[in-house]
Amino acid sequence: MSLSIICFSAIRVSLAELARFAVARSRLITVVAAITALVAGVVGLGAVVDATGASAAPSAIAAPSAIAVRTGQFARPNVAKRVLTAFVSNEGSDSVLPIQVPNPSEFDLQQEIGLGFDTNPAGIAASPDGSKVLVAASTTCCGNNPGNAVDMIDTATSVVSGSVSAGPMPLGVAIAPDGKIAVVTNYDGDSITEIDLTTNPPASTTISLAPVTPNTAPENVAVSPDSATAFVTVQSGYLVPVNLSSGALGVPIPLPSNIGQCLPGSLAVTPQGGTVVVACSGSPDVDFLDLATSAVYSLQLNASGEGLAHGVAITPDGSTAVVSWEDPFNGGQVSLIDITGATPTITTTMQVSDGHPGGVAITPDGGTALVTGHDSGQIFVVHLNASPPNVDSTTIPDSGGPVGITFAYVTPVLSGYWFVASDGGIFSFGSAAFHGSMGGKPLNAPIVGMAADPATGGYWFVASDGGIFSFNAPFFGSMGGKHLNAGIVGMAADPATGGYWFVASDGGIFSFNAPFFGSMGGKHLNAGIVGMAATSDGGGYWFVASDGGIFSFGNAKFYGSMGAKPLNAGIVGMAADPATGGYWFVASDGGIFSFNAPFYGSMGAKPLNAGIVGMAAG
């Protein structure tokens, strides 16, 4: 199993943290791309390159089947495809880790989402639409979180967007299937907190459980498929139903175990809504409550009757319960329980290399379960569809003790940028991915600019003679080998057509499968044009001059410039931020200037083998 790190914007923006952020971001540069490009440039594996810098026939760039059909409908450059992502709460590191799961045998660990000092994150749940993740954080002393609360994470940006106050020591979290209500258990408050997710900001109401079960210590919660009822496990040995519309408490249901009474912890409700499955945290038992008859069946996981059950989840088809538990004689275990028959039956038990396996989550296709290893900092991957089912693991770097886990389909908002050097070396920041470079390869003319392809996520480099180099991006033509009144200095991609523009130092424009909105060709300039960028809808573009002056065409808006302002080094390129509509300038020393666009880092004051010559948003 491979585990790769992908840079992902995942901080809370504040002036106080800006200095720390700049240092941290420099460490989050795509490691292989940045180091290799700084030394000699990276050879792009599988990249399609016009290696001469001149025009190339389309067939030399890519086979027709590899070229996307251009329909005029493209995702904005800042929007990626939906990605199945597991969110893991980390108790020791006070954070949440997003882990992309492109397939069951490969994980991509994103930058962790910090929750603040001493937050003790525990229960975690994702909204049905995948737009937000809620995590219980029982902060009591300090940090970003002022007290016991539920932190709300915007999954598109991996940023904590806010928090909602809860009761003492919030522990378990569940979100109703209709996405309207979240329920939090307050372990030290003998209460639950209902959060109305339809209001902005979310409103909360605390409901005491003392009238029906005093001194309860509620631990976890699950919501019925019809979003009508929350089921709360309490350490006094009961399951408490709560009507989510009225807040009315139902009659507590006693839960048995082989030691007399279950100390209920994690629980899950079958997708059909007929059964609640409860893991007994004080014994190796799993209880099955038939909601139609109120009958409870208790299943003992081992012969000795000693051990503790921890996490439980149910496959989407309702056929199997996956339970994590610990056996004092054999260590951590994961059991698969068939719940389709008259009585539940254990079909498979697998050992894991952690004495305290915890949270369980199952992929939407039902083929894989992930289990957190609290003591080992691992994620255990249970292959449910294998014959026989089996388990392997991967270690989460600096996990600090993973506890809870949940899945969501996430459509991330990507915001980042690349720098390209004159030798074709590439530098990646934020969410911008590395696809190859011209570093270390012979060039007929130096690289002077680059642009990102909004359709593929790849990019192009352009040389001063108009030659084009494609990396995971299609070829539409070049000016290589053709007469130019002035050298090419930059380029931009058209998100509407999939084509691109070149701009020359005199402000002349060259269009390739892209419309013309105007130019500065033949007009007086205080300083030569050095770069350009296009608007997110392809309805216009900007030119930037070496003195930081800006020129707008089409629907491109003016947000400010560096014209007539002192610069340590000349401006050499620009890029538009598709998320905000603003733009960045980059100087030859790698310094960055932001106009209605966020700062992610720079190469200013850092040693470079070759000067920076351009940038693009990714």
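For the structure itself, consult the block above.
Bear in mind the structure is a predicted one, so any value in this text is a computation, not a measurement.

### Some points on the packing of aromatic side chains
Part 1 of the argument: Taken as a whole, this structure holds 19 aromatic pairs when the rule is applied.
Part 2 of the argument: Residues Tyr459 and Phe461 carry aromatic rings whose centres are separated by 5.5 Å and whose planes lie at 10 degrees to one another, so their mutual orientation is stacked.
Part 3 of the argument: Phe461 gets classed as buried once you look at its relative accessible area, which sits at 0%.
Part 4 of the argument: With a centroid separation of 4.9 Å and 50 degrees between ring planes, the pair formed by Phe585 and Phe595 is classed as tilted. Of the two residues, Phe585 is situated in strand S43 (residues 583-587) and Phe595 in strand S44 (residues 592-595); the sequence distance between them amounts to 10 residues.

### A word on the pairing of strand S8 (residues 148-154)
Part 1 of the argument: Of all seven residues making up S8, five are buried, and the element is well covered by its neighbours.
Part 2 of the argument: Sheet topology note: the strand S7 (residues 132-138)/S8 ladder contains seven bridges and is antiparallel. Across the sheet, residue Ala136 finds its bridge partner in S8, namely Val150.
Part 3 of the argument: Bridge count for S8 against strand S9 (residues 159-165) is six bridges, and the pairing is antiparallel. Considered in S9, the bridge of Met152 is made with Gly162.
Part 4 of the argument: Between the end of S8 and the start of S9, which pair antiparallel, lie four residues, with Ser158 showing a positive phi angle near 55 degrees.

### Quick word on the nonpolar core
Part 1 of the argument: One finds Trp460, Val462, Ile468, Ile488, Met491, Tyr500 and Phe502 to be the most contacted residues of the largest nonpolar core, which totals 17 residues.
Part 2 of the argument: Only strand S33 (447-452), strand S34 (459-463), strand S36 (488-493) and strand S37 (500-504) provide two or more residues apiece to this core.

### Focus on the sheet that holds strand S27 (residues 368-373)
Part 1 of the argument: Across the sheet, four strands lie side by side as S26-S27-S28-S29; this open sheet has antiparallel pairing. Taken across any chain shown, the strands that pair with only one partner, and hence form the sheet edges, are strand S26 (357-362) and strand S29 (390-395). In this sheet, adjacent strand axes meet at a mean angle of 25 degrees when their direction is disregarded.
Part 2 of the argument: Pairing of S27 with strand S28 (residues 378-383) involves six bridges; the strand directions are antiparallel. Directly across from Leu370, in S28, lies its bridge partner Val381.

### Points about the sheet that holds strand S19 (residues 275-280)
Part 1 of the argument: If you walk across this open sheet you meet the four strands as S18-S19-S20-S21, and the pairing is antiparallel. Both edges of this open sheet fall to strand S18 (264-269) and strand S21 (296-300), since each of them pairs with a single strand only. Direction aside, the axes of adjacent strands within the sheet are offset by 20 degrees on average.
Part 2 of the argument: Bridge count between S18 and S19: four bridges; the pairing is antiparallel. Note on S19: the bridge partner recorded for Val269 is Val276.

### Considerations on the side chain of Asp577
Part 1 of the argument: Mapped onto the elements, Asp577 comes out in the loop between strand S42 (571-576) and S43.
Part 2 of the argument: Judged by relative accessible area, which is 2%, Asp577 ranks as buried.
Part 3 of the argument: Engagement of the side chain of Asp577 in a polar contact is seen with the side chain of Thr580, the distance being 3.0 Å.

About the thresholds
- Residues numbered from 1 in each chain as written.
- Predicted model: local features only at pLDDT ≥ 70, side-chain atom pairs only at ≥ 80, totals over all residues.
- Heavy atoms only, no water.
- Phe/Tyr/Trp six-rings, centres within 6.5 Å; stacked < 30°, edge-to-face > 60°.
- Buried < 20%, exposed > 50% of the residue type's maximum accessible area, 1.4 Å probe, protein only.
- Helix = DSSP H or I, 4+ residues; strand = E, 2+ residues; numbered from the N terminus.
- Pairing = 2+ DSSP bridges.
- Core = buried A, V, L, I, M, F, W, Y, C linked by side-chain atoms within 4.5 Å.
- Axes fitted to C-alpha atoms, helices over the stretch in contact; angles between N-to-C directions.
- Polar contact = N/O pair within 3.5 Å; in protein donor to acceptor, adjacent residues only side chain to side chain.

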